[in-house]
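So the chains spell out like this:
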Amino acid sequence: MTTPTIELKPSSSPLSDQERDAILAGPGFGRHFTDHMVTVKWTEGRGWHDGQLVPYGPLSLDPATNVLHYAQEIFEGLKAYRRPDGSVATFRPDANARRFQASARRLAMPELPVETFVEACDVLVQHDKAWVPAHGGEESLYLRPFMIATEVGLGVKPASEYLFVVIASPAGAYFPGGVKPVSIWASQDRVRAVPGGMGDAKTGGNYAASLLAQAEAAAQGCDQVCYLDAVEHKWVEELGGMNLYFVYGDRIVTPALTGSILEGITRDSLLEVARDLGYESVEERVSIDQWREDTANGTLTEVFACGTAAVITPVGTVKTDGAEWTQGNGEPGPATMRLRDALLDIQRGKAEDKHGWMHVLG
Ligand SMILES: *Cc1c(COP(=O)(O)O)cnc(C)c1O
């Protein structure tokens, strides 16, 4: 399969510097989008073609477009950071590209070549480089690549046409007022993913399924849901948009991948960053009972969640049917903050990139 090149058809009316600066002064998350987007088409028999950088704008879809009915959709999320010298770099885009291929396989969609995925992100970031916030804080430009089935018709089958799109949105610091722990509701009756299901694919359907559980967490006074495994309702999986880590002194543990956990790139990176800092980092099963008991006996000192959006978020209070406990003194723990700073420093170009994770665009 050949890699399509991306034809440049830039906007003749991008936002003015003043308008863009006003947005960058308080971007929030996912509310504003840059001047451009990249699109690439796939058609059965022809493969990937017609790559274009075009002005950001609505997609026109027939009401019978397959994705609107049967949710054949996958997505990714990655960030571009401004470096001290003013250049811009994305974090491990090749890892996102490979995960996008794995998600595509699970949803019977065509695999986009890794090079095309990375090139599409590069072209968009290069054209909208002015949208990457200044170096210094935790602001970034969030990239959202996604793919939808665009064949028109109500037949249930893998579509014969797809559209790959990359859009970009400036993202403010996740914790503008300083890092604050989240409270979580460990649901005993809602599940996110079942063995053999699509929990290890990054697809919108998993998020649609999570909204009711999220509302139940809110009703319990909690910020986020923690999902347990679907068979025994016992093994800790993830938060539905973030993976989990347990800190046992200088040993840090993340739930082992079972097929129903999404393999986070932040999770994977932290296994290595932790080793670099002298921790022992391991993947193991962790049960909800062990979590409660080890917190009570003091061996489990900190718990945190991780993902591209927030990087690392400390977990404060945990609530489940008939039990409630708090990690440490309810404040962000020292290992959590040390790992958070170490990873953010690599991403922002402040620390040596010894793993070759940063993809510098100039
Ligand atoms: C994206 C995602 C994560 C975090 O993955 P990162 O690559 O670290 O951003 C965790 N869980 C789910 C369900 C996700 O969709």
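Residues numbered from 1 in each chain as written. Predicted model: local features only at pLDDT ≥ 70, side-chain atom pairs only at ≥ 80, totals over all residues. Heavy atoms only, no water.

1. Let's talk about the pairing of strand β11 (residues 243–248)
Part 1: The buried fraction of β11 amounts to six of the six residues, a majority that puts the element mostly inside the structure.
Part 2: Residues of β11 alternate between two faces, with N243, Y245 and V247 on one and L244, F246 and Y248 on the opposite face, all of them buried.
Part 3: In this structure, β11 lies alongside strand β14 (residues 302–307), joined through five bridges in antiparallel fashion. In the sheet register, L244 faces β14, and the bridge partner there is A305.
Part 4: Bridge analysis of β11 against strand β12 (residues 251–255) gives three bridges, and the strand direction is antiparallel. Bridge assignment links V247 to a residue of β12, and that residue is I252.
Part 5: Linking two consecutive strands that pair antiparallel, namely β11 and β12, is a turn of two residues; a positive phi of about 60° is found at G249 within it. (Buried < 20%, exposed > 50% of the residue type's maximum accessible area, 1.4 Å probe, protein only. Helix = DSSP H or I, 4+ residues; strand = E, 2+ residues; numbered from the N terminus. Pairing = 2+ DSSP bridges.)

2. Brief notes about the domain arrangement of the protein
Part 1: Along its sequence, the protein is organised into domain 1 (6–171) and domain 2 (182–347).
Part 2: The C-alpha-based centres of domain 1 and domain 2 are spaced at 28 Å.
Part 3: Counting residues at the interface gives 19 residues for domain 1 and 21 residues for domain 2.
Part 4: Between domain 1 and domain 2, roughly 1,800 Å² of surface is buried when both sides are summed, and carbon and sulfur atoms account for 57% of that area.
Part 5: Contact with domain 2 buries area across many residues of domain 1, yet F75, F91 and R99 alone supply 33% of it, more than any other trio.
Part 6: Between R340 and E138 there is a salt bridge; the shortest N-O distance is 3.0 Å.
Part 7: On the surface where domain 1 and domain 2 come into contact, there are 13 residue pairs in polar contact (both at pLDDT 80 or more).
Part 8: If you list the elements that add at least two residues to the side of domain 1 that touches domain 2, you get β4 (73–75), β5 (78–82) and α3 (93–106).
Part 9: Per-element accounting of the side of domain 1 that touches domain 2 gives the leading share, five residues, to α3. (Domains from an automatic or database assignment. Contact = heavy atoms within 4.5 Å. Buried area = accessible area lost by both parts, 1.4 Å probe. Salt bridge = Lys/Arg side-chain N within 4 Å of Asp/Glu carboxyl O. Polar contact = N/O pair within 3.5 Å; in protein donor to acceptor, adjacent residues only side chain to side chain.)

3. Structural notes on a nonpolar patch on the surface
Part 1: Together, L59, L61 and L68 give the surface a local cluster of nonpolar side chains, amounting to about 250 Å² of exposed area.
Part 2: Tracing the backbone shows L68 in helix α2 (residues 67–70).
Part 3: Residue classification places L68 among the exposed residues on the basis of a relative accessible area of 51%. (Patch = residues over 30% accessible without salt bridge, like charges linked within 9 Å, V, L, I, M, F, W, Y side chains within 5 Å. Areas by Shrake-Rupley, 256 points an atom, 1.4 Å probe, with all protein chains shown as cover.)

4. Describing helix α4 (residues 114–127)
Part 1: Taking 1.5 Å as the rise per residue, α4 with 14 residues should run 20 Å; its terminal C-alpha atoms sit 20 Å apart, in good agreement.
Part 2: Buried residues of α4: T116, F117, V118, A120, C121, D122, V123, L124 and V125, and no others. (Expected span 1.5 Å × (residues − 1).)

5. Some remarks on the packing of aromatic side chains
Part 1: Going through the model one piece at a time under the given rule, you end up with 12 aromatic pairs.
Part 2: Between the aromatic rings of F33 and Y56, the centroid separation amounts to 5.4 Å while the plane-to-plane angle is 5°, which identifies the pairing as stacked. Highlighted residues: F33 in the loop between α1 (17–24) and β2 (36–43) and Y56 in the loop between β3 (47–55) and α2, separated in sequence by 23 residues.
Part 3: What makes Y56 partly exposed here is its relative accessible area of 36%.
Part 4: Measuring from ring centre to ring centre gives 6.0 Å for F117 and F164, while their planes differ by 40°; the resulting arrangement is tilted. Taken as a pair, F117 in helix α4 and F164 in strand β8 (residues 161–171) lie far apart in primary sequence, 47 residues in all. (Phe/Tyr/Trp six-rings, centres within 6.5 Å; stacked < 30°, edge-to-face > 60°.)

6. Focus: the pairing of strand β10 (residues 224–227)
Within a regular beta strand, the side chains point alternately toward one face of the sheet and then the other, so they alternate between its two faces.
Part 1: Neither face of β10 is left uncovered, since the one carrying Q224 and C226 and the one carrying V225 and Y227 both have all their residues buried.
Part 2: Note on the crossover from strand β9 (residues 182–187) through helix α5 (residues 204–219) to β10: the handedness is right-handed. (Right-handed = clockwise from strand over helix to strand, strands pointing away.)

7. Re the nonpolar core
Part 1: Among the nonpolar cores identified, the biggest contains 46 residues, and V38, F117, M147 and F164 are the most heavily contacted of them.
Part 2: Excluding residues within four positions of it along the chain, V38 makes contact with I6, Q52, L53, A120, V123, L124, F164, V165 and V166.
Part 3: Grouped together as the second largest cluster of nonpolar side chains are 25 residues, Y81, I265, A274 and W357 included. (Core = buried A, V, L, I, M, F, W, Y, C linked by side-chain atoms within 4.5 Å.)

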